Amino acid sequence: MKAYEIRGGFGLDKLVACERLDPEPGPFQVRVRVKATSLNYRDLMMVRGQYNPRQKLPLVPNSDGAGVVDAVGPGVTRVKPGDRVMGLFSQNWLAGGLTRSTQLQTLGGPLDGALADTMIVHEDGAVPTPAYLSDEEAATLPCAAVTAWSALVTQGGLQAGDTVLVQGTGGVSLFALQIARLMGARVLVTSSKDDKLARARTLGAAEGINYVSTPDWDKAARALTGGVGVDHVVEVGGAGTLERSLRAVRTGGTVSVIGVLSGAAHSVNVLPMLMNNLRVQGIFVGHRASFEAMTRAFAQHELHPVVDRVFPFAEAVAAFEHLQSGAHFGKVVIRVD
């Protein structure tokens, strides 16, 4: 099998192409010939050594992959050779609450991930690919789409008529925009680029706020809701933007903390949470039940992910560099086969 490994230390210069022996699936395991893998900011942090500096190396990175089952181990009944599948991020999180065990069974670290032409997953961690999606599109769903769905639907209780504020135009944010519109919600989007805000409007965003020209974007969001505040913020910035998110949301509203693009450590005033009865929830992607509910909804409406660019397998490092630049709009994908 062909793969990329983080080897000999962390950093993009340590992400190297390699060959390994083809793995054989064991009991209840499935071998997938990977067709495409997409990049998440988590993957970049993993390569840099920022996500888990104690991660054992070598590691095949990337949590998201889609492909075709080509072999199954003893006892497998959920899938068969020839089935198109996507890998579940947390391989043993099927439903219910998050546990320490489910945190330790995640693809792309600590388990080997999808930046390879072959991947082993548990049969419980192989989710059928909707027939209408290409492999490149399907490869974007396991983390970014499920995270947005968990934030707004599974854990967020989004209602038609709600107003949702999404930060930026990366993968999770655009999936949140699409899901919120699918559910009948109004969406506000922030970005540093007016052209990206214009593109977000073509996807159904009601308003765009340029946080460079309007640094007090929390006040702008409140103004766009008649001073009430938004119902839900999809917070991908992290500690550096959290305080403004807390000020943008209405009394009794929800902030879903998903990313750390602006940093993970920062002093935060907790008074707005207390005085305004806010709900601040961390989102760790999601379980298989959420994934399957989301794919049913997507298939019903034939919702297509926003793919920014597809790189060939030989240019995997360039794909990471593109993600790192922040120039992307939607998902960055690597075509494996």
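Notes on the structure follow. Keep in mind that this is a model prediction, so the values were computed, not measured. (Residues numbered from 1 in each chain as written. Predicted model: local features only at pLDDT ≥ 70, side-chain atom pairs only at ≥ 80, totals over all residues. Heavy atoms only, no water.)

**Observations regarding the overall build of the protein chain**
What the protein chain contains, in helices and strands, is eleven helices and 15 strands. Along the longest, intermediate and shortest principal axes, the C-alpha atoms of the protein chain span 60 × 40 × 35 Å. Going through the 337 residues of the protein chain one by one, you find that 53% of them count as buried. Computing the positive centroid from 32 side-chain charges and the negative centroid from 31, the protein chain places the two 4 Å apart. (Helix = DSSP H or I, 4+ residues; strand = E, 2+ residues; numbered from the N terminus. Buried < 20%, exposed > 50% of the residue type's maximum accessible area, 1.4 Å probe, protein only. Lys, Arg positive; Asp, Glu negative; His and termini not counted. Charge placed at Lys NZ, Arg CZ, Asp CG, Glu CD.)

**Details of the pairing of strand β3 (residues 29-38)**
Within β3, eight of the ten residues are buried, which leaves the element mostly enclosed by the surrounding structure. Two strands pair when backbone bridges link them, and β3 and strand β6 (residues 118-122) are joined in this way by five bridges, in the antiparallel orientation. Each residue of the ladder has a partner; that of Gln29, found in β6, is His122. Two strands pair when backbone bridges link them, and β3 and strand β4 (residues 64-72) are joined in this way by eight bridges, in the antiparallel orientation. Bridge pairing in β4 places Thr37 opposite Gly65. Strand direction decides the pairing type here: β3 and strand β15 (residues 331-335), joined by three bridges, are antiparallel. Across the sheet, the residue bridging to Ser38 is Val333, located in β15. (Pairing = 2+ DSSP bridges.)

**Overview of the sheet that holds strand β13 (residues 279-282)**
The pairing of strands in a sheet happens through backbone hydrogen bonds and is either parallel or antiparallel. Pairing is parallel across the open sheet formed by six strands, whose spatial order is β10-β9-β8-β11-β12-β13. Strand pairing shows two members of the sheet lacking a second neighbour, β10 (207-210) and β13, which therefore form its edges. Pairs of neighbouring strands in the sheet enclose a mean axial angle of 20°, with direction left out of account. Pairing geometry for strand β8 (residues 163-167) and strand β9 (residues 186-191), over five bridges, is parallel. When the bridges of β9 are listed, Val164 appears paired with Val187. (Axes fitted to C-alpha atoms, helices over the stretch in contact; angles between N-to-C directions.)

**Quick word on the side chain of Lys196**
Tracing the chain through its elements places Lys196 in helix α6 (residues 194-202). Of the side chains with opposite charge, Asp195 comes closest to the buried, unpaired Lys196, at an N-O distance of 6.8 Å. Separated by 2.9 Å, the side chain of Lys196 and the backbone oxygen of Gly326 make a polar contact. Setting aside residues no more than four positions away along its own chain, Lys196 makes contact with Thr169, Ser191, Gly326, Ala327, His328 and Phe329. (Salt bridge = Lys/Arg side-chain N within 4 Å of Asp/Glu carboxyl O. Polar contact = N/O pair within 3.5 Å; in protein donor to acceptor, adjacent residues only side chain to side chain. Contact = heavy atoms within 4.5 Å.)

**Considering α6**
Taken together, the buried positions of α6 are Lys196, Leu197 and Ala200. One face of α6 carries all of its buried residues, which in axial projection span an arc of 100°. Residues Asp194, Asp195 and Thr202 are exposed on α6 and point more than 90 degrees away from its buried face. Buried-residue contacts for α6 involve α5 (171-182), β9 and β10. Where α6 ends, the next residue or the one after it, Gly204, has phi of about 115°, a positive value. (Arc of directions from axis to C-beta.)

**Topic: the packing of aromatic side chains**
Geometrically, a pair of aromatic rings is defined through the distance of the ring centres and the angle of the planes. Applying the stated rule across the entire model yields three aromatic pairs. Look at Tyr4 and Phe313: their rings are 5.1 Å apart centre to centre, the planes differ by 75°, and that puts the pair in the edge-to-face class. One end of the pair, Tyr4, is in strand β1 (residues 2-6); the other, Phe313, is in the loop between β14 (307-312) and α11 (316-325), and 309 residues separate them in sequence. Each member of the pair, Tyr4 together with Phe313, is buried. (Phe/Tyr/Trp six-rings, centres within 6.5 Å; stacked < 30°, edge-to-face > 60°.)

**Examining the packing of helix α4 (residues 141-154) against helix α10 (residues 288-301)**
Between α4 and α10, the shortest axis-to-axis distance is 9 Å and the interhelical angle comes to 90°. Between α4 and α10, the crossing angle belongs to the class labelled roughly perpendicular. Note on element contacts: α10 touches α4 through Ser290, Phe291, Ala293, Met294, Thr295, Ala297 and Phe298, opposite Leu141, Pro142, Ala145, Val146, Trp149, Ser150 and Thr154. Grouping the amino acids of the contact of α4 with α10 by side-chain chemistry returns ten nonpolar, four polar and no charged. (Parallel < 35°, antiparallel > 145°, perpendicular 65-115°, else oblique. Nonpolar A, V, L, I, M, F, W, Y, C, P; charged D, E, K, R; others polar.)

Geometric descriptors of this kind do not, in isolation, establish any biological role.
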